[in-house]
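Examining the three-dimensional arrangement
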Amino acid sequence: GKSRNPIKRVNEEIYNYASVKQREIDELKRMEAYRREFLADVSHELKTPIFAAQGFIHTLLDGALEDPEVSRKFLGKSAKSLDGLAKLVQNLLSISRMESGDLAMHFEDFDIRQLASDVFDQFEHKAEKKNIQLVMAENSPKEVYVFADRQRISQVLVNLVSNAMKYTETPAKVEIGFEIDDEVAVYVKDSGMGIPPEDIDRIFERFYRVEKSRAKDLGGTGLGLAIVRHILQAHGHSVHVESQVGKGSTFKFRLRKGENMVLERL
Ligand code: ADP
């Protein structure tokens, strides 16, 4: 309680004021540390493709241009580095917009089964080339209506399916399925390399990559799952993963049911 002694009371007030200020300072320090770390991470990630492209182009200018075959090869490699750079910058913009909470959401009712099959179509060519089967779970209903941001959920599915196809030996299978109760649960299941238990809590952090996939250089940016998590957070939901090394992984998230779904049930 408050002291009757005026000097003690002033002391208490000063003390309280100081501890509020201290908390504010701690918070600012935390944000500053985060900002600095983010900048360091970003610079590091940008360096790799820029230095690579720079190297190829200078080699071309230093004489390799005389040889059409070498030129083609080096230009191809430069283009690939710059493609990766463009993707990275795009992802960084999404992340920074999401982290500043500056994310306009457009909620609507839509059929997520249709969306999932559109996403599969997008990957069809690549899947065929890599001998990966893309399947819709057998027991899934013809239509699965959810109330969500269609474009952003499309991004979630694209990121999850692209990971499922990337972190696997082939032949492989990627399945999308739905579980419907008071909400709609969506899962993307793969038969891939799986994620070691010690990494599983960290894969949603930006730039975090499991050592093995980093070593293999499968061309990721380490931002895909961070974006997935942000998008689902903006929907008021989280994303869960179950995985077994050598067996595969299942990523699962929940969404609000769409109106059409309710009507269908009545
Ligand atoms: P990246 O651009 O590296 O794919 P992500 O944020 O999408 O970045 O994924 C982070 C890391 O999580 C990946 O580098 C990979 O090690 C691991 N990972 C993600 N999805 C899968 C999956 N389906 N199977 C195995 N490992 C995965």
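For the structure, check the block above.
Residues numbered from 1 in each chain as written. Predicted model: local features only at pLDDT ≥ 70, side-chain atom pairs only at ≥ 80, totals over all residues. Heavy atoms only, no water.

Moving on, we come to the nonpolar core. Nonpolar side chains tend toward joint burial in soluble globular proteins. Grouped together as the largest cluster of nonpolar side chains are 54 residues, with contacts concentrated most on Ile112, Ile153, Leu157, Ile176, Ile203 and Phe253. With 8 residues, helix 4 (residues 150-166) is the single largest residue contributor to this core. Among residues more than four places away in sequence, those in contact with isoleucine 176 are Ala116, Phe120, Val135, Met136, Ala137, Leu157, Val161, Val186, Tyr187 and Val188. (Core = buried A, V, L, I, M, F, W, Y, C linked by side-chain atoms within 4.5 Å. Buried < 20%, exposed > 50% of the residue type's maximum accessible area, 1.4 Å probe, protein only. Helix = DSSP H or I, 4+ residues; strand = E, 2+ residues; numbered from the N terminus. Contact = heavy atoms within 4.5 Å.)

Taken together, the side chains of Ile57, Leu61 and Leu65 define a hydrophobic patch exposed on the protein surface, amounting to about 300 Å² of accessible area. Checked against the element boundaries, leucine 61 lands in helix 1 (residues 6-61). On the basis of relative accessibility, which here comes to 61%, the residue leucine 61 falls in the exposed class. (Patch = residues over 30% accessible without salt bridge, like charges linked within 9 Å, V, L, I, M, F, W, Y side chains within 5 Å. Areas by Shrake-Rupley, 256 points an atom, 1.4 Å probe, with all protein chains shown as cover. Salt bridge = Lys/Arg side-chain N within 4 Å of Asp/Glu carboxyl O.)

For the rest of this paragraph, the subject is unusual backbone geometry. A cis amide bond links threonine 170 with the next residue in sequence, proline 171, at an omega value of 0°. By secondary structure assignment, the location of proline 171 is in the loop between helix 4 and strand 4 (172-180). The residue asparagine 131 is not glycine, and still its phi comes out positive at about 60°. Inspection of the secondary structure assignment puts asparagine 131 in the loop between helix 3 (112-130) and strand 2 (132-136). Exposure remark for asparagine 131: the relative accessible area of 48% places this residue in the partly exposed category. If you check the backbone angles, phenylalanine 207 has positive phi at about 70° while not being a glycine.

When the terminal C-alpha atoms of helix 2 (residues 68-99) are compared, their 46 Å separation across 32 residues agrees well with the 46 Å that a helix rising 1.5 Å per residue should span. Inspection of helix 2 places Ser71, Phe74, Ser78, Ser81, Leu85, Leu88, Asn91, Leu92, Ser94, Ile95 and Met98 among the buried residues, and these make up the whole buried set. Next to the buried residues of helix 2 lie helix 1 and helix 7 (224-234). Looking at where helix 2 begins, the residue whose side-chain oxygen comes 2.9 Å from the main-chain nitrogen of glutamate 69 is aspartate 67. The first or second residue beyond helix 2 is glycine 101, which carries a positive phi of 70°. (Expected span 1.5 Å × (residues − 1). Polar contact = N/O pair within 3.5 Å; in protein donor to acceptor, adjacent residues only side chain to side chain.)

So, on to the pairing of strand 6 (residues 239-244). Pairing of strand 6 with strand 7 (residues 248-257) involves 6 bridges; the strand directions are antiparallel. Pairing of valine 241 across the sheet is with phenylalanine 251, part of strand 7. The loop that links strand 6 with its antiparallel partner strand 7 comprises 3 residues; one of these, glycine 246, has a positive phi angle of about 85°. (Pairing = 2+ DSSP bridges.)

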